[in-house]
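# Fold and contact review
Each chain, written out:
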Amino acid sequence: MAEKPLCMSTQIPHDEDTQRGDSVRCLTTLGHFGFECLPHQLVNQSIQQGFSFNILCVGETGIGKSTLIDTLFNTNLKDKKSSHFYSNVGLKIQTYELQESNVQLKLTVVKTVGYGDQINKEASYQPIVEYVDAQFEAYLQEELKIKRSFIDYHDSRIHVCLYFISPTGHSLKSIDLLTMKNIDNKVNIIPLIAKADTISKNDLQKFKCKIVSELVSNGIQIYQFPTDDETTAQGQLPFAVVGSMDEVKVGKRMVRGRQYPWGVLQVENENHCDFVKLRDMLLCINMEDLKEQTHTQHYERYRCCKLEKMGFTDVGPDNKPLSFQEIYEDKRQKFYDQCQREEEELKQKFMQRVKDKETTFKESEKEASTLV
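This structure is a prediction, so every number in the text was calculated from the model and none was measured.

A word on the overall build of the protein. Within the protein, the secondary structure is distributed over 9 helices and 11 strands. In the protein, once contacts between residues fewer than 6 apart in sequence are set aside, the share between residues at least 24 apart is 65%. Summing over all exposed atoms, the protein offers an accessible surface of approximately 24,200 Å²; the carbon and sulfur share of this is 52%.

Printed below as a string of structure tokens:
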């Protein structure tokens, strides 16, 4: 940071002011002081603690989920290829410790396995919904503990869902619409056209417009980029991406891309695909916003619904605010009263059975005495 001048004035007796005037000397500070250092403190603290980011990749087997993740983080995450022969949709969860310069990142990647391979695809979204909800529930249970430890707690809530769309060039499949409709209120969805190099530029643009139209007509909410300038974010969705870790020679330099008989597709060439736009908007600009939206919108929605189902509310019958303790004491009293009622009912039933037995026993005695 630039050094700041600190001006100090020397006080001169009044009778000498007219002759000598005020003499001012300027000193330069060697560093920052005061509360302007707060941003630097936050940066240093965050770097020491490290960062975490959780990505959900939803797409058919072989559509390029693993390759794109490797390309995004410029590393080989050593993921085994999945089979097409799964009776049900499953999830593969892997966590990696990555470092870039002095920044450490705990990356968790959750990928669908066998997605779209079943004949009946109606329930394909169910394992995804259950997993996302399970991570919300785990965080909620940690919040409700008396002794909480969020510093050591690994937050496994999904921050973004990269939804891979098959490059058919026609329209979204029914499984795509069904899945996104069931998860759009639980996770930030960023739709991607996978293997975009299999479609011509004209067909690709028409396909993008068709997808956006279908998402709107079906009421599917996707992630809204906060830094939308109509050229790098919302106006480009869905991103048409190609992933590759192979280096190909173009002229005198090596680039990541794919070699074809007709030429080379460069992954990081914005004229060839939207990979750079995706990487910038996902990792460089909006990673923290994705995490914030996950907490303030999706998790809060889950938390509110869960507490309402448990009978908690913010206001009483008279529309006056209620504290958590008041609600707890009220529910505790109701539970105690219910136990008392059930206990009393059991006592009454027991006493009635005893009376019935006594009556039966007396009748048997009478019959016995008559026979004698």
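Further remarks concern the packing of aromatic side chains. Under the counting rule described, the total for this entry stands at 8 aromatic pairs. Geometrically, the ring pair formed by F136 and Y299 is tilted, given 6.0 Å between the ring centres and 55° between the ring planes. In this pair, F136 sits in helix α4 (residues 126-143) while Y299 sits in helix α8 (residues 287-309), placing the two residues 163 residues apart along the sequence. By relative accessible area, which is 2% here, F136 ends up buried. A residue is classified by how much of its surface remains accessible, and Y299, at 0% relative accessible area, is buried. Relative to W262, the ring of Y260 has its centre 4.8 Å away and its plane inclined at 5°; by these criteria the two rings are stacked. Positioned above the aromatic ring of Y139 is the side chain of R157, whose terminal nitrogen or guanidinium carbon lies 3.6 Å from the ring centre. Just above the ring of Y299 sits the side chain of R157; from NZ or CZ to the centre is 4.9 Å.

The next point concerns the pairing of strand β3 (residues 51-58). The buried fraction of β3 is high, at 7 of 8 residues. As paired elements, β3 and strand β5 (residues 103-113) share 7 bridges and run parallel to each other. From the neighbouring strand, C57 faces β5, where its bridge partner is K111. Inspection of the sheet shows β3 paired to strand β6 (residues 160-165) by 4 bridges, in the parallel sense. Counterpart to V58 in the pairing with β6 is Y163.

Ordered in space as β9-β10-β11, the 3 strands form an open sheet in which the pairing is antiparallel. Looking along the sheet, the strands with just one partner apiece sit at the ends: β9 (247-250) and β11 (263-266). Averaged over all neighbouring strand pairs, the angle between strand axes comes to 70°, with direction disregarded.

Another point: the sheet that holds strand β4 (residues 90-100). Ordered by their spatial adjacency, 6 strands build an open sheet running β4-β5-β3-β6-β7-β8, and the pairing between neighbours is mixed. The open sheet has two edge strands with one neighbour each: β4 and β8 (239-240). Of the strand pairs in this sheet, β6 and strand β7 (residues 189-193) are connected by 5 bridges, and their pairing is parallel. For C161, the partnering residue across the bridge sits in β7 and is I189.

Our next topic: the packing of helix α3 (residues 65-73) against helix α7 (residues 275-285). Where α3 meets α7, the closest approach of the two axes is 10 Å, and the angle between their N-to-C directions is 70°. Between α3 and α7, the interaxial angle falls into the category roughly perpendicular. Note that α3 runs across α7; the crossing there is right-handed. Judged by residue contacts, L68, T71, L72 and F73 of α3 engage F275, L278, R279, L282 and L283 from α7. Residue composition of the contact of α3 with α7, grouped by class: 7 nonpolar, 1 polar and 1 charged.

Let's shift gears to the side chain of T112. The topology assignment puts T112 in strand β5. With relative accessibility at 3%, the residue T112 sits in the buried group. Looking at T112, its side chain comes within polar contact range of the main-chain oxygen of G59, at 3.1 Å. If we skip the residues at most four places from it in the chain, T112 touches C57, V58, G59, K65, G90, L91 and I128.

This next bit is on the packing of α4 against α8. Contact geometry of α4 with α8 gives a least axis separation of 10 Å together with a crossing angle of 80°. Classed by the angle they form, the pair α4 and α8 counts as roughly perpendicular. Seen from α4, the contacting residues are D133, F136, E137, Y139, L140 and E143; seen from α8, they are T294, H295, H298, Y299, Y302, R303 and K306. Taken together, the residues of the contact of α4 with α8 sort by class into 5 nonpolar, 3 polar and 5 charged.

This part takes up unusual backbone geometry. One non-glycine residue with positive phi stands out, namely N74, at about 50°. With respect to the secondary-structure elements, N74 resides in the loop between α3 and β4.

So, on to the state of the cysteines. Inspection of every chain in the model, using the stated rule, returns 0 disulfides. C161 forms no disulfide, and the closest cysteine sulfur to it belongs to C57, at a distance of 7.8 Å.

Summarising the model, the protein shows a mean pLDDT of 85, and 86% of its residues fall at 70 or more. Per-residue pLDDT, averaged within each element of the protein, yields its smallest value for strand β1 (residues 5-10) (44) and its largest for β6 (97). Across residues 1-13 the pLDDT falls below 50, and counting only partners more than four positions away or on other chains, this stretch makes 26 contacts in the model.

Below, the discussion takes up the environment of I93. Structurally, I93 can be placed in strand β4. With a relative accessible area of 45%, I93 lands in the partly exposed category. Sequence-wise, I93 and V110 are 17 residues apart; in three dimensions their C-alpha atoms are separated by 4.5 Å. Not counting residues within four places of it along the chain, the set of residues in contact with I93 comprises T108, V109, V110 and Y131.

Each value, and the rule that gives it
- Residues numbered from 1 in each chain as written.
- Predicted model: local features only at pLDDT ≥ 70, side-chain atom pairs only at ≥ 80, totals over all residues.
- Heavy atoms only, no water.
- Helix = DSSP H or I, 4+ residues; strand = E, 2+ residues; numbered from the N terminus.
- Contact = heavy atoms within 4.5 Å.
- Areas by Shrake-Rupley, 256 points an atom, 1.4 Å probe, with all protein chains shown as cover.
- Phe/Tyr/Trp six-rings, centres within 6.5 Å; stacked < 30°, edge-to-face > 60°.
- Buried < 20%, exposed > 50% of the residue type's maximum accessible area, 1.4 Å probe, protein only.
- Lys NZ or Arg CZ within 6 Å of the ring centre and 35° of its normal.
- Pairing = 2+ DSSP bridges.
- Axes fitted to C-alpha atoms, helices over the stretch in contact; angles between N-to-C directions.
- Parallel < 35°, antiparallel > 145°, perpendicular 65-115°, else oblique.
- Left-handed = near helix turned anticlockwise from the far one by under 90°.
- Nonpolar A, V, L, I, M, F, W, Y, C, P; charged D, E, K, R; others polar.
- Polar contact = N/O pair within 3.5 Å; in protein donor to acceptor, adjacent residues only side chain to side chain.
- Disulfide = S-S within 2.5 Å.
- pLDDT = per-residue confidence, 0-100.

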